[in-house]
Amino acid sequence: MAESQRSRTIVLISLITIAASLVVMVGWIFNVPVLQQIIPGFVAMVFNTALCFVLFGAALLLTQYGTGTFKNLAFFILSLAGTLIGLVTLLQFLFHFNTGLDELFVTDREKISAAHLYAGRMAFNASVNVSLFGLGLLMLRASKKTFKLVAQWLFHGVTFLSAIALIGYLYGASLFYSLFYVSSMATHTAILFFILSLAAARLNPSVGIAKMFTGKEIGNRMGKRLYVLMLIPILAFGSLRVQTQHFGFFSLEVGISLLAVSVLLISLLLIWDTANRLNKSDAQR
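So, how was this worked out
Counting restarts for each chain: residues are numbered from 1 in the order of the written sequence. Side-chain atom pairs in this predicted model are given and counted only at pLDDT of 80 or more, local residue features only at pLDDT of at least 70, and totals for whole chains, interfaces and linings cover all residues. With hydrogens and water stripped out, all remaining heavy atoms of the structure feed into the side-chain values. Where helices are involved, their axes are fitted lines through C-alpha atoms of the stretch in contact, as for all axes, and angles between N-to-C directions lie from 0 to 180°. Strands are runs of DSSP state E lasting at least 2 residues, helices are runs of H or I lasting at least 4, and numbering of each runs from the N terminus. Just so you know how the angles are binned, under 35 degrees is roughly parallel, over 145 roughly antiparallel, 65 to 115 roughly perpendicular, and the rest oblique. Should the near helix be turned anticlockwise from the far one by less than a right angle, the crossing is termed left-handed; should it be turned clockwise, right-handed. Contacts are assigned to residue pairs with any non-hydrogen atoms lying within 4.5 Å of each other. Residue type decides the class: Asp, Glu, Lys and Arg count as charged, Ala, Val, Leu, Ile, Met, Phe, Trp, Tyr, Cys and Pro as nonpolar, and the leftover types, Gly among them, as polar. Points on a 1 Å grid, built from protein atoms alone, make a cavity when a 1.4 Å probe fits but cannot get out and make a pocket when they are open with protein on both sides within 12 Å along at least 5 of 7 lines; residues with an atom within 4 Å of a point are the lining residues. Grid points are joined across faces, edges and corners, and a volume is the space filled by probe spheres set on the points. Throughout, nonpolar core names a set of buried Ala, Val, Leu, Ile, Met, Phe, Trp, Tyr and Cys residues whose side chains join them through atoms within 4.5 Å. With a 1.4 Å probe rolled over the protein chains alone, any residue whose accessible area is under 20% of its type maximum counts as buried; one over 50% counts as exposed, and the rest are partly exposed. By definition here, a helix of n residues has an expected span of 1.5 Å times n minus one. For patches, a residue must show more than 30% relative accessible area and have no salt bridge; joins then use 9 Å for like charges and 5 Å for nonpolar side chains, namely Val, Leu, Ile, Met, Phe, Trp and Tyr. Throughout, the Shrake-Rupley method with a 1.4 Å probe supplies accessible areas, and for residues the shown protein chains are the sole cover considered. Any Lys or Arg side-chain nitrogen located within 4 Å of an Asp or Glu carboxyl oxygen qualifies as a salt bridge. In predicted models, pLDDT denotes the confidence assigned by the predictor to each residue on a 0 to 100 scale. Pairing of aromatic rings covers Phe, Tyr and Trp, the last through its six-membered ring, and needs centres within 6.5 Å; plane angles under 30 degrees mean stacked, over 60 mean edge-to-face, and all others mean tilted. Note on criteria: charge over ring means Lys NZ or Arg CZ within 6 Å of the ring centre, with the direction from the centre no more than 35 degrees off the ring normal.

Structural notes on the packing of helix H3 (residues 47-62) against helix H5 (residues 124-140)
At step 1: It is at 11 Å that the axes of H3 and H5 come closest, and there the two elements cross at 25°. When the axes of H3 and H5 are compared, the pair comes out roughly parallel. As for how H3 packs across H5, the hand of that crossing is left-handed. Between H3 and H5, the contacting residues are Cys52, Phe56, Ala59 and Leu60 on the first element and Val130, Phe133, Gly134 and Leu137 on the second.

Here's the deal with unusual backbone geometry
At step 1: You will see that asparagine 31, though not glycine, has its phi angle at about 55°, which is positive.
At step 2: For asparagine 31, the position within the fold is in the loop between helix H1 (3-29) and helix H2 (33-37).
At step 3: If you check the backbone angles, histidine 96 has positive phi at about 55° while not being a glycine.

Thoughts on the packing of H5 against helix H6 (residues 145-171)
At step 1: Running from N to C, H5 and H6 cross one another at 155°; their axes reach a closest spacing of 8 Å. By the criterion of interaxial angle, the relationship of H5 to H6 is roughly antiparallel. The two elements H5 and H6 cross, and the hand of that crossing is left-handed. Where H5 abuts H6, its residues Val128, Asn129, Leu132, Phe133, Leu135, Gly136, Leu137, Met139 and Leu140 lie against Phe147, Lys148, Val150, Ala151, Leu154, Phe155, Val158, Leu161 and Ser162.
At step 2: Residues that form the contact of H5 with H6 fall into these classes: 14 nonpolar, three polar and one charged.

Observations regarding empty space enclosed by the protein
At step 1: The full count for this structure, using the stated rule, is one cavity of 30 Å³ or more.
At step 2: In this structure, the largest cavity occupies an estimated 30 Å³ of space.
At step 3: Trp28, Val46, Phe47, Asp102, Val106, Asp108 and Gly120 together form the lining of the largest cavity.

What about the nonpolar core?
At step 1: Judged by nonpolar contacts, the single largest core of 42 residues is most densely connected at Phe133 and Leu137.
At step 2: Contributions of two or more residues to this core are made by H1, H3, helix H4 (69-95), H5, H6 and helix H8 (187-201).
At step 3: When residues in this core are grouped by element, the largest group, 10 residues, is from H3.
At step 4: Not counting residues within four places of it along the chain, the set of residues in contact with phenylalanine 133 comprises Phe56, Phe155, Val158, Leu196, Ser197 and Ala200.

Some points on H5
At step 1: With 17 residues, H5 extends 25 Å from end C-alpha to end C-alpha; this agrees with the ideal 24 Å at 1.5 Å per step.
At step 2: Taking burial as the measure, the 17 residues of H5 include 13 buried ones, the bulk of the element.

Section: a nonpolar patch on the surface
At step 1: Taken together, the side chains of Leu73, Phe76, Ile77, Leu80 and Leu84 make up a nonpolar region of the molecular surface, amounting to roughly 440 Å² of accessible area.
At step 2: With respect to the helices and strands, the residue leucine 73 is situated in helix H4.

Details of the pattern of salt bridges
At step 1: Summed over all chains, the structure comprises one salt bridge.
At step 2: Linking aspartate 102 and arginine 121 is a salt bridge whose minimum nitrogen-to-oxygen distance equals 2.8 Å. Taken together, the positions of aspartate 102 in the loop between H4 and H5 and arginine 121 in the loop between H4 and H5 put the pair 19 residues apart, joining distant regions of the chain.

Some remarks on the confidence of the model for the chain
At step 1: Residue-level pLDDT values for the chain average 82, and 82% of them are 70 or greater.
At step 2: Mean pLDDT across the elements of the chain bottoms out in helix H7 (residues 174-178) (49) and peaks in H3 (97).
At step 3: Considering only residues more than four positions removed or in separate chains, one finds that residues 1-5, a stretch of pLDDT under 50, has four contacts.

Notes on the side chain of glutamine 152
At step 1: With respect to the secondary-structure elements, glutamine 152 resides in helix H6.
At step 2: What makes glutamine 152 buried here is its relative accessible area of 0%.
At step 3: In contact with glutamine 152, other than residues within four places in its own chain, are Ala200, Ala201, Asn204, Val207, Gly208 and Ala210.

Side note on the packing of aromatic side chains
At step 1: All chains considered together, the criterion is met by six aromatic pairs.
At step 2: Each ring, one from phenylalanine 53 and one from phenylalanine 193, has its centre 4.6 Å from the other, and the planes form 55°; the classification is tilted. Of this pair, phenylalanine 53 sits in helix H3 while phenylalanine 193 is found in helix H8, placing the two residues 140 residues apart along the sequence.
At step 3: Among the residues examined, phenylalanine 53 registers a relative accessible area of 0% and is labelled buried.
At step 4: Residue phenylalanine 193 is classed as buried on the basis of its relative accessible area of 1%.
At step 5: Arranged with centres 5.4 Å apart and planes meeting at 85°, the rings of phenylalanine 93 and phenylalanine 124 form a pair that is edge-to-face. Taken as a pair, phenylalanine 93 in helix H4 and phenylalanine 124 in helix H5 lie far apart in primary sequence, 31 residues in all. Phenylalanine 124 matches phenylalanine 93 in its accessibility class, with the two residues each being buried.
At step 6: Sitting over the ring of phenylalanine 75, arginine 141 keeps its end group 4.4 Å from the ring centre.

Encoded structure:
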């Protein structure tokens, strides 16, 4: 993929993140719950999380418009501000104290519940993601390659944790989207973390797992295609398995057996198709 295309992707994701987060912030300022949730009926994104998304989205956007003393300073300030919010929130969870940061900007009027243990505080897994993502951004400006490698794996960690939360919502598994049952990451929070971390990983496409999906060699193209094609049916069959159990169509044993057989058949077809494509490419060369 060309550099210009990568830049357009990063710019677009940054703008989407900033816009969606600003909508949430407006919802909190003017007490409009539907704007806080975006997806009706789901957990609301708290103000501090939205603020961090705006800071990180703006910092990521700056990476696409050259360098300079002012831009580097702005990038550092934006990244550091978001990172500090995430780290302070995470420390509050770990050491059970309250700095007042959670309601520093707006007052949370939602009642305390099992899904909302602390007024105004982002979910535990959201604070982990904010901290990891912010530290990754700060390491991007380091000259040593080691820091860039660590930053890339921090972004991959955010992608992984966000994907777990999204799968938890898809399958109704509270352990996945709440992480040790300490409040729930909002659905749109997980989505924004997921796409923003993927965009950040594209800043260094030759490092980490991103190399497999951005390389131009035949192995990279086939790996990307095979992963996407396997991911879709596995998620679909897994969701179908949950629904059949919910409505009592099959017993647990029969449902698991059908799921295993379905995944094996799909995997076999995809491997067969990939092998044929590789053979044709080899014959052409």
